[in-house]
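# Reading the structure
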Amino acid sequence: MGTTARDRETVRALLRTHGRTYAEEAGIRLRDTPQPLYRLLVLACLLSARIRASVAVATARRLAEAGLKDPRRMAEAGWQRRVDALGEGGYRRYDERTATQLGDGARLLLDDYGGDVRRMRKKADGDPGALRSVLQEIPGLGPAGADIFLREVQGVWPEVFPRFDGKALQGAGRLGLPTEPAGLARLVEREEAPALAAALVRAALDEAVADDVRR
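Position numbers for residues start from 1 in each chain and track the written sequence from start to end. Totals for whole chains, interfaces and linings use all residues, but because this is a predicted model, local features are given only for residues with pLDDT of at least 70 and pairs of side-chain atoms are given and counted only at 80 or more. Excluded from the side-chain calculation are hydrogens and water; included are all heavy atoms of the structure.

Time to look at the overall build of the protein chain. Per the convention used, a helix needs a DSSP run of H or I reaching at least four residues, while a strand needs a run of E reaching at least two, with both numbered from the N terminus. Each helix and strand in the protein chain was counted, giving 14 helices and 0 strands. Counted from the first residue to the last, the protein chain has its helices and strands arranged as α-α-α-α-α-α-α-α-α-α-α-α-α-α. Within these notes, the globule rule equals 2.2 Å times the number of residues to the 0.38 power, and the radius of gyration is based on C-alpha atoms. Over its C-alpha atoms the protein chain spans a radius of gyration of 17 Å, differing by no more than 12% from the 17 Å that the globule rule assigns to 215 residues. Taken over the C-alpha atoms alone, the protein chain extends approximately 55 × 35 × 25 Å along its principal axes. The burial tally for the protein chain puts 51% of its 215 residues in the buried class. Note on contacts: a residue pair qualifies if any of its non-hydrogen atoms lie within 4.5 Å across the two residues. Taking all contacts inside the protein chain whose residues are at least 6 apart in sequence as the whole, residues at least 24 apart take part in 65%. Per-residue accessibility takes into account occlusion by the displayed protein chains alone, with areas from the Shrake-Rupley method and a 1.4 Å probe. Working note: accessible area of the protein chain is about 9,900 Å², and carbon and sulfur atoms make up 46% of it. Asp and Glu are treated as the negative residues and Lys and Arg as the positive ones, with His and the ends of the chain left uncounted. Charge placement uses NZ in Lys and CZ in Arg. For Asp and Glu, CG and CD serve respectively. Distance from the positive charge centre (36 side chains) to the negative charge centre (31 side chains) of the protein chain: 2 Å. Burial classification: accessible surface area is computed with a 1.4 Å probe over protein chains only, and a residue below 20% of its type maximum counts as buried, one above 50% as exposed, and the rest as partly exposed.

Structure, rendered in structure tokens:
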């Protein structure tokens, strides 16, 4: 099914009102370099728990402010320092378990990938499905977390595009937009896809977002 002028208008309105990626909210200037990719991986871990997105984003910012921006610093920080940073960000319900997972994940990245998330991409050899599986080697990053990471990174890693997971497609349905990734991809440039995906997730989670767009 093709896209319509109404679809394009809806997407423009959605991007104007809610078109900010979760990485941007967390202060991550996403590029194909090790540090921002690692910070996105941490953010995806935080967002995948049953906790408000705003808390996960604030916690990702706090971890960065505490200097835990790369896997070596995360691993060397020690468990208690990670717990403290998570708690200061508001991530108290899962702070102890998550502190352990962040430490284990950082060590796995260092040991198996030289601390560089791009090597996980290389291992997948251009296959998005394989990349989704490779990402789940990280403790605490299950299917939902891998989808979040891929959703956000698709503007940087072309082979991932189009990536609109189940939650984004739910938001698209609420707004009367195409509910298959290919249809949504026709409505934006690849660089805009992460922002659209994030906005669609917000529409799925909050009826008020859809109301904003309709107005």
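Once that is clear, we can look at the packing of aromatic side chains. In this description, a pair of aromatic rings is defined by centroid distance and the angle of the planes. The rule is short: rings of Phe, Tyr and Trp, with Trp giving its six-membered ring, pair when the centres are within 6.5 Å, and they are stacked under 30 degrees, edge-to-face over 60, tilted in between. Per the counting criterion, the structure on display carries 2 aromatic pairs. Judged by centre distance (6.1 Å) and plane angle (50°), the ring pair of Y91 and Y94 falls under tilted. For Y94, a relative accessible area of 13% puts it in the buried group. We call a charge positioned above a ring when the Lys NZ or Arg CZ atom is no farther than 6 Å from the ring centre and deviates by at most 35 degrees from the ring normal. Sitting above the plane of the Y22 ring, R202 keeps its charged end 4.4 Å from the centroid.

Turning our eyes to something else, we now look at unusual backbone geometry. Comment: phi is negative for the bulk of residues other than glycine, and the bulk of peptide bonds are trans. Here the amide bond leading from F161 into P162 is cis, since omega sits at -5°, within 30 degrees of zero. Take P162: it is sitting in the loop between α10 (143–153) and α11 (166–174).

The next subject is α11. Inspection of α11 places A168, L169, G171 and A172 among the buried residues, and these make up the whole buried set. For α11, the angular spread of the buried residues around the axis is 155°, confining them to a single face. Looking at the buried side of α11, the elements it contacts are α12 (181–185) and α13 (193–205). Of the residues trailing α11, G176 is marked for its positive phi of about 75°. This arc is taken over the directions from the axis of the helix to the C-beta atoms.

On to the pattern of salt bridges, then. Basic side-chain nitrogens of Lys or Arg form a salt bridge, by our definition, when they fall within 4 Å of a carboxyl oxygen of Asp or Glu. This model, assessed by the stated rule, comprises 15 salt bridges. The closest approach of N and O atoms between D147 and R132, which form a salt bridge, is 2.7 Å. Of this pair, D147 sits in helix α10 while R132 sits in helix α9 (residues 128–135), placing them 15 residues apart in sequence. For D147, a relative accessible area of 14% corresponds to the buried category. Judged by relative accessible area, which is 26%, R132 ranks as partly exposed.

Before going further, it helps to spend a moment on the packing of helix α3 (residues 34–47) against helix α4 (residues 53–65). Axes here mean lines fitted to C-alpha atoms, for a helix over just the part in contact, with angles spanning 0 to 180 degrees between N-to-C directions. Where α3 contacts α4, the two axes come as close as 9 Å, and the packing angle between them is 145°. Where α3 crosses over α4, the two elements pack in a sense that is right-handed. On α4, the residues touching R39, V42, L43, L46 and L47 of α3 are A53, A56, V57, T59, A60, L63 and A64. Each residue is assigned to one class: nonpolar for Ala, Val, Leu, Ile, Met, Phe, Trp, Tyr, Cys and Pro, charged for Asp, Glu, Lys and Arg, and polar for all the others, Gly among them. Per-class residue counts for the contact of α3 with α4 are 10 nonpolar, 1 polar and 1 charged. Left-handed describes a crossing whose near helix is turned anticlockwise from the far helix by less than a right angle; the clockwise case is right-handed.

Counting 76 residues, the largest nonpolar core has L43, V117, L135, F149, F164 and L200 as the members making the most contacts within it. What L43 contacts, discounting residues up to four positions off in sequence, is Y22, A23, A26, I28, A56, V57 and A60. By convention a nonpolar core is built from buried Ala, Val, Leu, Ile, Met, Phe, Trp, Tyr and Cys residues, the set being connected through side-chain atoms within 4.5 Å.

Before going further, it helps to spend a moment on the confidence of the model for the protein chain. A score between 0 and 100, pLDDT records how confident the predictor is in each residue. For the protein chain, per-residue confidence averages 95 on the pLDDT scale, and residues scoring 70 or more make up 99% of the total. Within the protein chain, helix α14 (residues 207–214) has the poorest average pLDDT of any element, 83, and helix α8 (residues 118–124) the best, 98.

Turning our attention to α4. Under the convention used throughout, the expected extent of a helix is 1.5 Å for every residue step, that is, one less than its residue count. The terminal C-alpha atoms of α4, which comprises 13 residues, lie 18 Å apart, in line with the 18 Å expected from a rise of 1.5 Å per residue. Buried residues of α4: V55, A56, V57, T59, A60, L63 and A64, and no others. Each element contacted by the buried residues of α4 is listed here: α2 (22–25), α3, α6 (79–88) and α7 (95–113). G67 occupies a position one or two residues after α4 and carries a positive phi of about 90°.

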